[in-house]
Structure formats: C-alpha cells, structure tokens
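Report on the structure
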Amino acid sequence: MTYRVLISDPLSEEGIKPLRETENIEIVKNPGWDETELLENIDQFDALLVRSQTQVTRPLLEKAARLKIVGRAGVGVDNIDLDAATENGIIVVNAPNGNTNSAAEHTVAMIMSLSRNIPQAFHALKQKQWDRKRFVGVELKQKTLGVVGLGRIGAEVAKRAKGQRMNVIAYDPFLTDEKAEQMGIKRGTLEEVLQAGDFITVHTPLLKETRHLINAEAFELMKDGVQIVNCARGGIIDEDALYDAIVSGKVAGAALDVFEQEPFTEHKLLTLPEVVATPHLGASTVEAQEIVAVDVSHDVIRFLEGKAVRHPVNLPSIPSEAMHQIEPYFYLAEKLGTFIIDLANEVISEIRISYSGDLSEIESGPVTRNAVKGILKRYLGSRVNDVNALYLADRKGITVSESKRSARKGFTNLITIEVIGASGSRKVSGTLLNGLGPRLVRVDDYQVDATPEGHMVVIQHIDQPGVIGRMGSAFAEHNINIATMQVDRSDVGGNAIMLLTIDRHLEDKALAEIALLDEIKSVTAIDL
Ligand SMILES: NC(=O)c1ccc[n+]([C@@H]2O[C@H](COP(=O)([O-])OP(=O)(O)OC[C@H]3O[C@@H](n4cnc5c(N)ncnc54)[C@H](O)[C@@H]3O)[C@@H](O)[C@H]2O)c1
Ligand SMILES: O=C(O)[C@H](O)COP(=O)(O)O
C-alpha cells in the first residue's frame, strides 16, 4: 500500500529525507492550499505534517477519512484539535526536543536586544540618526531574570542567564527546591517571580490555565521598568494589558516572538518604540528545523509500519523499553476482545480486563486499548483504533476497568476480558506462550487451549455420549472440516463446551441446523 503524506507547512527538506527514502510513501509538500483547498483534499492523505501555521481543526479532521496520523514538527500543538483527533482515531505526534536549544537562544537574543536597545538603535541608524544617548541600555549582570515555566526551554534559558551572571528565580508547578538548588536558581511562587524580575520571560504551553496568565493584575505586581519577553506562545501575555503597561511606563520594554493572532502585523503594540518583535522565529534555525523534521518523519514512518511512536501527544507516552515489553500482547488482547463480544453477542455495558502474573507489573494501558478496540470494532468497524477506543467506549456508555493480580493462576501471564450485558457476564482468557504465541486458554469457566485466529465455533452442550459424534457428522454434512477441537465440562453429565477451529466460515443455515441437535444449548460462530 502506498501511504500519501501531506506536508502543509515549511519543513526542512533534509529533515524529511527519511520519508523520501521510504518506498511506499508518496509526499505532497507545501501545495500552497488555503483552508478550503486543504479541507477539499485532506481525505486523500494518510498522514499530515505541520508546524504552527496550519490549523488542524475539527472539521478538517472529521473530513480526513483516510488520515491516521498528524505529525507536528515542533513542540506546541495548540493549532491542533486534539480532542477531535482522538475522537476520529487519529494519533498526534510532535517533536518536543528538537527546537529547545534554538528557542532558548532566541529568547536570550531577545533579552539582550531589549537590554541594549539593539533593534531600535539599528533602526535609527538606518534613518541616518547617530544617537548614542537615546539608546543607553542596562547590564544583565546581577539583574534578576524571572522565568515562568521551567520546562525544556525555560531551563535552558535559565542556564544561559546564569552564564550572564544574572540571578534567576523561576515558577513552575513541577519545580522542586532540589531541582532549583541543583540549577543554582531560586524557586518562587508566580507572584514572587513577577515581583522579583527585572526581566521576565514566559515558557509555558498555551493552555486554558495559562491564557492571559500575564494580565493587568500581573503587571501591577512587577517592578517599575520591568522588561518582558515572550518566545513561548501568544496569549500567555494579555497583549492589550501589555500595551497599557508599556504606555503607563510600568513596562520599559517587551520582546515578542509569538502573538495571540498570527501573522501579527497590525497590532498597536508594534507602534511602540519599547517593543521589539520577530515573526515566530524561535525554532527557525537550520539545525532545529532539521531535527524536528527528522524526529517527526521517523514517528510517522513507525506509525505507518504499525510500530509504536516515540512522541505521542494524544496517547500516554510509554518508554520504548516498556513498549517493547507490552507490544507482543496487543494482538492477543484484540483477538480476545473480538472473541468475547461475539460470544456474548449482545449489547454490553461494562468491560473488565484483568492482568495476572508478569502482566500485573506492566504498563497495561495500551493493551487495554487494543482489547477495547477488538470489542468495539464489531460495532464500529475499522474507524475504531487504539487512539479512540476508550473515548468511543465511553461515548457508548460502556465502562472499562482494569485490575491486576500478581498471582500466576497457572500461567506466567494471563489476560482475562469479562463483558457484562443484560444476560450477565461472559469471559475469556488468553496468554502468550513462549514459542507458541497467543493462546486462548479459558472460555467462561472452561479450560481450553486454542490459537485465537481463523474461523472458530463455540458450542455449549450437555455432556452426554454421542453429542460430539452427532455434531461432527453435522459439520461433515455441510462439508465443513474441523481443524481443531477442544472439549471441557463443568462436571460429568453437566454443562460442557466444545471449541472448534474450522476451515471456513460457518454459514447461518449450517449453524441453525447444528443448534437444533439434541443436547446442544448454543452455537456461536466467531471469525477472528
Ligand atoms: N517561539 C517558538 O518558536 C517556540 C519554539 C519552541 C517552543 N515554543 C513554545 O515554548 C513553550 C515551552 O516549550 P517547552 O518545550 O519548554 O515545553 P515544556 O513542556 O518542556 O515546558 C513547559 C513548562 O511549563 C510548565 N507550566 C505549565 N503550566 C504552567 C503554569 N501555569 N505556570 C508555570 N509553568 C507552567 C510545565 O510544568 C512545563 O515545565 C511551548 O508553548 C512551546 O510551544 C515556542
Ligand atoms: O511550538 C513550537 O515548536 C514552536 O512554536 C515552533 O513553531 P514553528 O514550528 O511554527 O516554528
């Protein structure tokens, strides 16, 4: 199959080489489509690669019937409707580390531009004004840098500020005293950072909680003459409040690389001499763009090859060694899910998945998602995958729960899936056997041993002489060969089960005839 990949923002050509060098990938790069054309064409693509310009909206994602993955060549994903991606079973990946250094360096450049009025002085020179008085600056040494958000970039900026012999105080909900001490910086509350900073730089994501985090009240807390830098996301700083704070003299200067609305060319902030600005250049270096494009290209290739991705955004990120441990269970979990929903053959309200033995110590989330996928695809077909399985189960009012028991129960690893419907509970268990692969080992309370694949038949019957013989003859009359057969019973003469693998699908007519045989209580055909 050829996968079609659309690149709708400028990505480094060097960086997308891994995609170009992958045989079954066809690339459409920067076709110059506007929003309407993108909407018209998106359903032709399996993967979409963006930076921050393309708005990956819910309408776009809902139209993208073929889209499997959105790759963000950078950190911020606020231009992507993550809920819509999840609901439509589209995984989103990003490249969280590739542009950290560039963004940190750009932030330092912006701080120094502010401290020495470099852009303004250059602009004056270009106007043939040799003016040295107007552009007297300030040293950074001994000044305090307030950092709001000490993640990858904030921490790199803090390190560089220390190199300029600045004092650094930072606020970050996850910053500990130990980490602060280790970095030789002070940990403060947001208020303390705002009050202490001679320069204040923000490095948080744009979230509900961080939108307008730096607002009029925040400016009131700051020192008179404070200088503000935003190389993170437009919207963290309330631009109108910033304008007022500059005009009032509270803020002596502001350096902005990102804006609430981009492109940003008309805002009144740009009319102020105290403002320096760049058009979202923090990650715009040859090096950063190559790294982020390589990172996201590799993740797209991994995903299209059915492998785990390194930087999922709308799925929990699992370390690769842990993923390596659990990936072999995905197939088993999905097959058990399909098996049990066909066996139950009714609307269910609850899915209970239990992991025992070695599995009680694993990161079971991805395995659970594959089991739920196996169950739901009977209702929803191929649109359900491990990205949207839990969302779709929730939307159908099906509760999903997990439990773990270290007890081995006769198997080093065992997955049991129980579904609850109006007529009660049905359950199935499976295991991964070394060298033998996935095995189905329990159906309800019966012991079996079969490979969960192909055309299977579950027959519930009464444990009486002749039942098996009559059943075998019935299959023979329909020219259906029985490849494997497992029998178990609750007690002598009591309820019993046959689990068959047959060579072709059991047609309804044959199924109905077999179901009428004496002592047969139910016949269920399950195609895995
Ligand atoms: N200008 C650019 O071109 C450019 C380049 C790269 C990244 N960015 C942006 O910079 C920002 C930071 O990127 P990063 O890679 O450092 O992300 P990160 O996830 O490594 O760090 C973000 C930090 O913000 C902290 N945080 C979250 N909410 C907070 C709050 N309310 N107050 C204080 N801290 C809070 C988090 O705990 C985290 O430590 C992102 O928005 C990213 O999109 C911009
Ligand atoms: O979040 C990011 O990675 C930066 O804002 C970079 O955005 P860009 O890829 O549009 O330069």
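- An unreviewed UniProt entry lists the protein chain under the name D-3-phosphoglycerate dehydrogenase, with Oceanobacillus sojae given as the organism.
- The annotation that UniProt attaches to the protein chain under Pathway (unreviewed entry) is "Amino-acid biosynthesis; L-serine biosynthesis; L-serine from 3-phospho-D-glycerate: step 1/3."
- Turning to the protein chain, the UniProt record has this under Function (unreviewed entry): "Catalyzes the reversible oxidation of 3-phospho-D-glycerate to 3-phosphonooxypyruvate, the first step of the phosphorylated L-serine biosynthesis pathway. Also catalyzes the reversible oxidation of 2-hydroxyglutarate to 2-oxoglutarate."

Notes on the site of ligand 1
- The full set close to ligand 1 counts 25 residues, and R152, I153, D172, C231 and D257 are the nearest of them.
- Between an oxygen atom of ligand 1 and a side-chain N or O atom of R233, the distance comes to 3.3 Å.
- Expressed as a share of its isolated accessible area of 860 Å², the protein-covered part of ligand 1 is 87%.
- Its residues assigned to classes, the shell around ligand 1 comprises twelve nonpolar, nine polar and four charged.

Here we look at the UniProt feature "domain: ACT" (unreviewed entry) in the protein chain
- Mapped onto this numbering, the UniProt entry gives "domain: ACT" (unreviewed entry) at residues 456-528.
- In residues 456-528, helix accounts for 26% and strand for 42%; the two terminal C-alpha atoms are 8 Å from one another.

Re the sheet that holds strand β17 (residues 437-443)
- Ordered by their spatial adjacency, six strands build an open sheet running β14-β13-β15-β16-β17-β18, and the pairing between neighbours is mixed. With one partner strand each, in any of the chains shown, β14 (399-405) and β18 (446-450) form the two edges of the open sheet. For this sheet the average axis-to-axis angle between neighbouring strands, irrespective of direction, equals 20°.
- This element, helix α14 (residues 328-344), spans β13 (348-357), β15 (413-421), β16 (424-433) and β17 of the sheet and lies at about 155° to β16.
- On top of the sheet, helix α15 (residues 365-380) reaches β13, β14 and β15; it is set at about 145° to β13, its chief contact.

So, how was this worked out
Residues numbered from 1 in each chain as written. Chains lettered and ligands numbered in written order. Predicted model: local features only at pLDDT ≥ 70, side-chain atom pairs only at ≥ 80, totals over all residues. Heavy atoms only, no water. UniProt positions renumbered as here; feature names shortened; annotations may be inferred. Near = heavy atom within 4 Å. Polar contact = N/O pair within 3.5 Å; in protein donor to acceptor, adjacent residues only side chain to side chain. Areas by Shrake-Rupley, 256 points an atom, 1.4 Å probe, with all protein chains shown as cover. Nonpolar A, V, L, I, M, F, W, Y, C, P; charged D, E, K, R; others polar. Helix = DSSP H or I, 4+ residues; strand = E, 2+ residues; numbered from the N terminus. Pairing = 2+ DSSP bridges. Axes fitted to C-alpha atoms, helices over the stretch in contact; angles between N-to-C directions. Contact = heavy atoms within 4.5 Å.

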